[in-house]
Amino acid sequence: MRALVQVRGNVNMNGDIEDTLAMLNVERVNHATLVPETDTYDGMVTKVNDYVAHGQPSQETVELLLETRAEPAEGDADVDDEWVAEHTDYDDVASLATALVDEETTLQEQGLSPTLRLHPPRGGHKGIKQPARAGGQLGKHTTEQIDDLLEAMR
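Analysis parameters
Residues numbered from 1 in each chain as written. Predicted model: local features only at pLDDT ≥ 70, side-chain atom pairs only at ≥ 80, totals over all residues. Heavy atoms only, no water. Salt bridge = Lys/Arg side-chain N within 4 Å of Asp/Glu carboxyl O. Helix = DSSP H or I, 4+ residues; strand = E, 2+ residues; numbered from the N terminus. Buried < 20%, exposed > 50% of the residue type's maximum accessible area, 1.4 Å probe, protein only. Phe/Tyr/Trp six-rings, centres within 6.5 Å; stacked < 30°, edge-to-face > 60°. Lys NZ or Arg CZ within 6 Å of the ring centre and 35° of its normal. Core = buried A, V, L, I, M, F, W, Y, C linked by side-chain atoms within 4.5 Å. Contact = heavy atoms within 4.5 Å. Pairing = 2+ DSSP bridges.

Regarding the pattern of salt bridges
As enumerated under the stated definition, the model contains 3 salt bridges in all. Residues R2 and E37 are paired through a salt bridge, measuring 3.9 Å at the closest nitrogen-oxygen approach. Of this pair, R2 sits in strand β1 (residues 2-6) while E37 sits in the loop between β2 (31-35) and α2 (39-47), and the two are 35 residues apart along the sequence. Under the relative-accessibility criterion, R2 is labelled buried at 10%. Linked through salt bridges whose partners overlap, the residues forming this network are R2, E37 and D42.

Overview of the packing of aromatic side chains
Tallied over the full model, the rule gives 0 aromatic pairs. Positioned above the aromatic ring of Y51 is the side chain of R8, whose terminal nitrogen or guanidinium carbon lies 5.3 Å from the ring centre.

Brief notes about the nonpolar core
Nonpolar side chains tend to gather and get buried jointly when the protein is soluble and globular. Judged by nonpolar contacts, the single largest core of 29 residues is most densely connected at L66 and L118. Mapped onto this core, the elements with two or more residues apiece are β1, β2, α3 (59-69), α4 (81-87), α5 (93-101) and α6 (143-152). Tallying contributions element by element places α5 first for this core, with 5 residues. Apart from the residues lying within four places of it in its own chain, the contact partners of L118 are V5, N30, A32, L65, R69, L150 and M153. Counting 12 residues, the second-largest nonpolar core is a separate cluster that includes M13, I17, L24 and V26.

Observations regarding the pairing of β1
Burial analysis of β1 places 5 of its 5 residues in the buried class, the great majority of the element. Side chains R2, L4 and Q6 of β1 all project onto a buried face; the interleaved residues A3 and V5 project onto the opposite face, where all are buried too. Here β1 runs beside β2; their pairing, made up of 4 bridges, is antiparallel. Counted as the bridge partner of L4 is T33 from β2. Bridge count between β1 and strand β3 (residues 52-55): 4 bridges; the pairing is antiparallel. If you follow V5 over to β3, its bridge partner there is A53.

Just distances and angles here, no functional claims.
As structure tokens, then:
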């Protein structure tokens, strides 16, 4: 499973890239989603690589995101252990996060919104014009780098 965060805006963006981001359920800056690692999604992520940060998050980071930023697809309840136990196939947020990381389920299948609306990163971005390997935020991140970004945006 891969976390995908849009870090650059839509100004002067190619229409094909906008459509691909919409298909990935990421239509605004600082929105994130969790996508499976399949050939289809790999191609989509490659296409939007210059506008997003992506990488494999740890189970602890996914759990933190679910507790702080997950929203039900319908209604406006807080997603906590009680809500997860009542509305999903899992007993608590930790087991749901484990299932998401292991690609056993998706946010939509469990009645959650596929888009996580994140806070801008505390302390600011490292640079939204440079790739991660050059010290920026764009493109593929290691697990530690994507965890640091997602925790700053929690």
